[in-house]
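Spelled out from the first residue to the last, the chains are:
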Amino acid sequence: MNKDLTVGKPEAVLWKFCVPLFGSILFQQLYNIADSFVAGKFIGENALAAVGNSYEITLIFIAFAFGCNIGCSVIVSQLFGAREYGKMKTAVSTSMIASAVLCVVLVLAGVLGCGGLLRLIRTPDTIFADSRLYLDIYIWGFPFLLFYNVANGIFSALGDSRTPFLFLAASSTSNIAVDILFVSVFRMGVAGVAWATFLCQGVSCILAVAVVRKRLSGIRTKEKPVLFSARLLKRIAMIAVPSILQQSFISVGNIVIQGVINGFGAGVIAGYSAAVKLNNLVITSLTTLGNGVSNYTAQNLGAGLPSRVKDGFRAAVKMVWLLCVPIALVYLLAGGSLIRIFMDEPSGLALQSGTRFLYIVAPFYLVVSVKLAADGILRGAGMMKQFMTSTFTDLILRVALAVLLSRWLGYLGIWCAWPVGWSIATALSILFYRTGVWKQGSDLK
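Below or above, wherever it landed, is the structure these notes cover. Worth saying up front: this structure is predicted, and the values here are computed from it rather than measured. (Residues numbered from 1 in each chain as written. Predicted model: local features only at pLDDT ≥ 70, side-chain atom pairs only at ≥ 80, totals over all residues. Heavy atoms only, no water.)

1. Quick notes on the packing of aromatic side chains
Then step 1. By the definition in use, this model includes 17 aromatic pairs.
Then step 2. An aromatic cluster is defined as three or more aromatic residues linked by ring pairs; in this entry it consists of Phe 264, Tyr 272, Phe 357, Tyr 411, Trp 415 and Trp 418. (Phe/Tyr/Trp six-rings, centres within 6.5 Å; stacked < 30°, edge-to-face > 60°.)

2. Section: the pattern of salt bridges
Then step 1. Within this structure, the stated rule accounts for eight salt bridges.
Then step 2. Here Arg 215 ties to Asp 160 by a salt bridge, and the two come within 2.8 Å at their closest N and O atoms. Residue Arg 215 is located in helix α7 (residues 190-217), and its partner Asp 160 is located in the loop between α5 (142-157) and α6 (162-185); the two are separated by 55 residues in the primary sequence. An identical accessibility class is assigned to Arg 215 and Asp 160; each is buried.
Then step 3. Salt-bridge contacts for Asp 394 lead to Arg 398; the nearest nitrogen and oxygen are separated by 2.9 Å. Highlighted residues: Asp 394 and Arg 398, both in helix α13 (residues 384-409), separated by four residues, approximately one helical turn. In terms of burial, Asp 394 and Arg 398 fall into one category: buried. (Salt bridge = Lys/Arg side-chain N within 4 Å of Asp/Glu carboxyl O. Helix = DSSP H or I, 4+ residues; strand = E, 2+ residues; numbered from the N terminus. Buried < 20%, exposed > 50% of the residue type's maximum accessible area, 1.4 Å probe, protein only.)

3. Considerations on the packing of helix α9 (residues 266-302) against helix α12 (residues 365-380)
Then step 1. It is the contact of α9 with α12, at a shortest axis distance of 7 Å, that shows an interaxial angle of 30°. Relative to α12, the element α9 is oriented roughly parallel. Of the two elements, α9 crosses α12, and the hand of that crossing is right-handed. Mapping the contact onto sequence places Asn 279, Val 282, Ile 283, Leu 286, Thr 287, Gly 290, Asn 291, Val 293, Ser 294, Thr 297 and Ala 298 in α9 and Tyr 365, Val 368, Ser 369, Leu 372, Ala 373, Gly 376, Ile 377, Arg 379 and Gly 380 in α12. (Axes fitted to C-alpha atoms, helices over the stretch in contact; angles between N-to-C directions. Parallel < 35°, antiparallel > 145°, perpendicular 65-115°, else oblique. Left-handed = near helix turned anticlockwise from the far one by under 90°. Contact = heavy atoms within 4.5 Å.)

4. Some remarks on α6
Then step 1. In a regular helix each residue adds 1.5 Å, so 24 residues correspond to 34 Å; α6 covers 34 Å between its end C-alpha atoms and thus fits that length.
Then step 2. Buried within α6 we find Thr 163, Pro 164, Phe 167, Leu 168, Ala 169, Ser 171, Ser 172, Asn 175, Asp 179, Phe 182 and Val 183.
Then step 3. Phi turns positive, to about 55°, at Arg 187, one or two residues after α6. (Expected span 1.5 Å × (residues − 1).)

5. So, the packing of helix α3 (residues 85-120) against α5
Then step 1. For the pair α3 and α5, the least separation of the axes is 10 Å and the interaxial angle reads 160°. Looking at the two axes, α3 sits roughly antiparallel to α5. Relative to α5, α3 is oriented so that their crossing is right-handed. Two secondary-structure elements touch here, α3 through Val 92, Ser 95, Met 96, Ser 99, Ala 100, Cys 103, Leu 106 and Val 107 and α5 through Phe 142, Pro 143, Leu 146, Phe 147, Val 150 and Ile 154.
Then step 2. Taken together, the residues of the contact of α3 with α5 sort by class into twelve nonpolar, two polar and no charged. (Nonpolar A, V, L, I, M, F, W, Y, C, P; charged D, E, K, R; others polar.)

6. A word on the state of the cysteines
Then step 1. Summed over all chains, the structure comprises zero disulfides.
Then step 2. You can see Cys 72 has no disulfide; the closest cysteine sulfur is in Cys 68, sitting 8.8 Å from it.
Then step 3. Given the relative accessible area of 0%, Cys 72 is considered buried.
Then step 4. The thiol of Cys 103 is unpaired, and the distance to the nearest cysteine sulfur, on Cys 68, comes to 9.1 Å.
Then step 5. Of the residues examined, Cys 103 reaches a relative accessible area of 6% and is grouped as buried. (Disulfide = S-S within 2.5 Å.)

7. As for the side chain of Asn 300
Then step 1. By the element assignment, Asn 300 lies in helix α9.
Then step 2. Residue classification places Asn 300 among the buried positions, given a relative accessible area of 0%.
Then step 3. For Asn 300, the side chain forms a polar contact with the main-chain oxygen of Tyr 296, separated by 2.8 Å.
Then step 4. Polar side-chain contacts of Asn 300 include one of 2.6 Å to the side chain of Arg 308.
Then step 5. Residues in contact with Asn 300, not counting those within four places in the same chain, are Leu 5, Thr 6, Leu 305, Pro 306, Arg 308 and Val 309. (Polar contact = N/O pair within 3.5 Å; in protein donor to acceptor, adjacent residues only side chain to side chain.)

8. Here we look at the environment of Trp 321
Then step 1. Mapped onto the elements, Trp 321 comes out in helix α10 (residues 307-340).
Then step 2. For the pair Trp 321 and Ser 369, spaced 48 residues apart in sequence, the C-alpha to C-alpha distance is 7.2 Å.
Then step 3. When sequence neighbours within four positions are dropped, the list of residues in contact with Trp 321 reads Pro 326, Leu 366, Ser 369 and Val 370.
Then step 4. In terms of polar contacts, Trp 321 uses its side chain to reach the backbone carbonyl oxygen of Leu 366, at 3.1 Å.

9. What to know about unusual backbone geometry
Then step 1. Located in the positive-phi region is Arg 83, a residue other than glycine, with phi close to 65°.
Then step 2. Within the secondary structure, Arg 83 sits in the loop between α2 (45-81) and α3.
Then step 3. Positive phi, normally seen in glycine, also occurs at Arg 187, with a value near 55°.
Then step 4. Relative to the helices and strands, Arg 187 is located in the loop between α6 and α7.

10. So, the side chain of Lys 89
Then step 1. Mapping Lys 89 onto the fold places it in helix α3.
Then step 2. Filtering out sequence-adjacent residues up to four positions away, Lys 89 remains in contact with Leu 216, Ser 217, Ile 219, Thr 221 and Pro 225.

11. A few points about the nonpolar core
Then step 1. Phe 142, Tyr 331, Tyr 365, Trp 415 and Trp 418 are the most contacted members of the largest nonpolar core, which totals 130 residues.
Then step 2. Among all residues touching Tyr 331, those that are not within four sequence positions of it are Leu 278, Asn 279, Leu 281, Val 282, Leu 338, Leu 358, Tyr 359, Ala 362 and Tyr 365.
Then step 3. One finds Ala 47, Val 183, Val 190 and Ala 191 within the second-largest nonpolar core, a separate group that totals twelve residues. (Core = buried A, V, L, I, M, F, W, Y, C linked by side-chain atoms within 4.5 Å.)

Structure follows, in structure tokens:
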């Protein structure tokens, strides 16, 4: 059901909209967690390391899917809030066409270049073959991931966070079952993990796109929407391209960090692979809530109601802190037990390195959560320059410190780079928000 985010008490509206988004991202993360869990438990530590090693490269592809999602979502939100339904439908079809072209380019690039990337990050020979196999299957399934994300962005733009939650709940739980079936019954190894994700994401994508088409057909317009608009593509690209660049550079930075980690051997790789899944569960959840703030901001600025955005920011901070505090406590008190979930018989080095990662980063979730809430407003208002400045500051610091500190502190130096980057970038995002520059987004009609 479509939901107007410009009416009602801001805190109540944002909570009602974002809670299903949070549920959706939990199930989205189950895809990656299930892959690592099944690989570590049913195949072995090297398989876990291979999936985790490949994951850093898949983040490049996820960056493009995320950028298309947010670019389409923000513009469709603004047009929906302004009641320009004809242009809104044109923005949707324009996004789909542009995404299809992009998808072809990315699949070809992935097929031709991922082997070289695995060599570039010094993937150990013991896990190279499985890493390459996992990536090859993942890349052919990328169209499903991309179009699902575009469809999800459209649902969010229309104020509907419940429908994508239901799709993800069904497909993610199915993915776990198919993972175990392919690996433990059919003995397909790492390939079984990848094919399970391919199939379940495919079903989710097809259903989501079909429902989007039906939902849009029920919205009446005064004029017949055109199929493609270069002007709207430019507006979408102004949001999507910086988001893609931001996420891509983060992915490249993570690949550089993964290359540093790979120098410490398969044990540290496996420990990091498990810990980073748990970390990404939190960060991706916070980012998704930030996306909800972006949709809320875009609709209200599109309707000329910037005063509601401030109330939304305060509500968002409360929301992310309520999420962060219990998770941080669980990671601090039970980090070792959580790492063991991913490995049947972990080596001492794998367990130690993964646990120490959680101990170092978990307390700073309270810091980075505020950044992601502020970023949601900047992105929803189209203030991409400020948004990217903060994000790149975080990335550059984390990569540089990971490389430098690892020389003196070993892998612990890499872990320490996270809190420093988060803290400084958070200060910048808050500064940009407090200047009120985001209010200019009310002119983006």
